[in-house]
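The primary structure of each chain is shown beneath.
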Amino acid sequence: RKLMAYGTTMVEQAQKAAASWPANGEIDIFREMTALTLRIICRVFFSLDADSEVDRIGDAVSEISAIMVKDMSSPFLLPDWLPLPEKVRFRECVH
C-alpha cells in the first residue's frame, strides 16, 4: 500500500514540476530533476512540503557530495571535528 502511495506522490510532484516549466524555452534539467527528487524524498519520507527549501537543500547535498568524494579519494581521512575549511563547510551543510 505504501509503495502505491509513493508512486502517487511521485506522479503528483512530477506533474507539478512539469507544469511550472516554460512551454517554449530551456530549463536546467539537472537542477530541475534534483529539485524534483528532493521534493519527493521530503514528501514521502518526512511528510514535508519542501518547495521553499529545495534550492538550499540541493546546494547542501551537492556540497556534501563534493566534499565526500574528495575525502574518499584522499590517502587518509581526517577527523570531521578538525577546524579545516572543508570540514567546517561540511558541518554547516549537514546542519
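Preceding this section is the structure that the text describes.
Notes on the structure follow. Keep in mind the model is a prediction, meaning the values are calculated, not measured. Within each chain, residue numbers correspond to sequence positions counted from 1 in written order. Per-residue local features of the predicted model are confined to residues with pLDDT of at least 70, and side-chain atom pairs are confined, for both listing and counting, to 80 or more; whole-chain, interface and lining totals are unaffected and use all residues. Where side-chain values are given, they derive from all heavy atoms of the structure, hydrogens and water being excluded.

This brings us to the packing of helix H3 (residues 54–73) against helix H4 (residues 85–94). Orientation of H3 relative to H4, taken along the N-to-C sense of each, is 140 degrees, at an axis distance of 9 Å. Classified by the angle between their axes, H3 and H4 sit oblique to one another. The handedness of the crossing between H3 and H4 is left-handed. Contacts between H3 and H4 pair Ala60, Glu63, Ile64, Ile67, Met68, Lys70 and Asp71 from the former with Glu86, Lys87, Arg89, Phe90, Cys93 and Val94 from the latter. Helix axes are fitted to C-alpha atoms over the stretch in contact, other axes to C-alpha atoms as well, and angles between N-to-C directions run from 0 to 180 degrees. In this text, helices come from DSSP runs of H or I with a minimum length of four residues, and strands from runs of E with a minimum of two, each type numbered from the N-terminal end. For classification, angles of less than 35 degrees are called roughly parallel, those exceeding 145 degrees roughly antiparallel, those between 65 and 115 degrees roughly perpendicular, and all remaining angles oblique. Whether a crossing is left-handed or right-handed is set by the direction in which the near helix is turned from the far one by less than a right angle, anticlockwise for left-handed and clockwise for right-handed. What makes two residues a contact is simply this: any of their non-hydrogen atoms within 4.5 Å.

Here we come to helix H1 (residues 2–20). Along an α-helix, residues three or four apart share an orientation, since each turn contains 3.6 residues. Its 19 residues give H1 an end-to-end C-alpha distance of 27 Å, which sits within 8% of 27 Å, the value for a rise of 1.5 Å per residue. Along H1, the residues that are buried comprise Thr9, Gln13 and Ala17. Projection of H1 onto a plane perpendicular to its axis shows the buried side chains occupying an angular sector of 65 degrees, all on one side. Exposed side of H1, more than 90 degrees from the buried face: Met4, Gln15 and Ala19 are the residues found there. Residues of H1 that are buried sit in contact with helix H2 (29–46). In a helix, the anticipated span is given by 1.5 Å times the number of residues less one. The classification of residues rests on relative accessible area computed with a 1.4 Å probe and restricted to protein chains. Under 20% of the type maximum is buried, over 50% is exposed, and intermediate values are partly exposed. The directions considered for the arc run from the helix axis to the C-beta atoms.

Our next topic: the pattern of salt bridges. Salt bridges are defined by distance alone: a side-chain nitrogen of Lys or Arg within 4 Å of a carboxyl oxygen of Asp or Glu. On inspection of all chains with the given rule, the structure shows eleven salt bridges. One salt bridge connects aspartate 51 with lysine 16, and the closest N-O pair in it is separated by 2.6 Å. On the criterion of sequence distance, the pair formed by aspartate 51 in the loop between H2 and H3 and lysine 16 in helix H1 is long-range, its members being 35 residues apart. Judged by relative accessible area, aspartate 51 falls into the partly exposed class, the value being 29%. With its nearest N and O atoms 2.8 Å apart, the salt bridge here joins arginine 39 to aspartate 51. Note that arginine 39 is positioned in helix H2 and aspartate 51 in the loop between H2 and H3, a separation of twelve residues in sequence.

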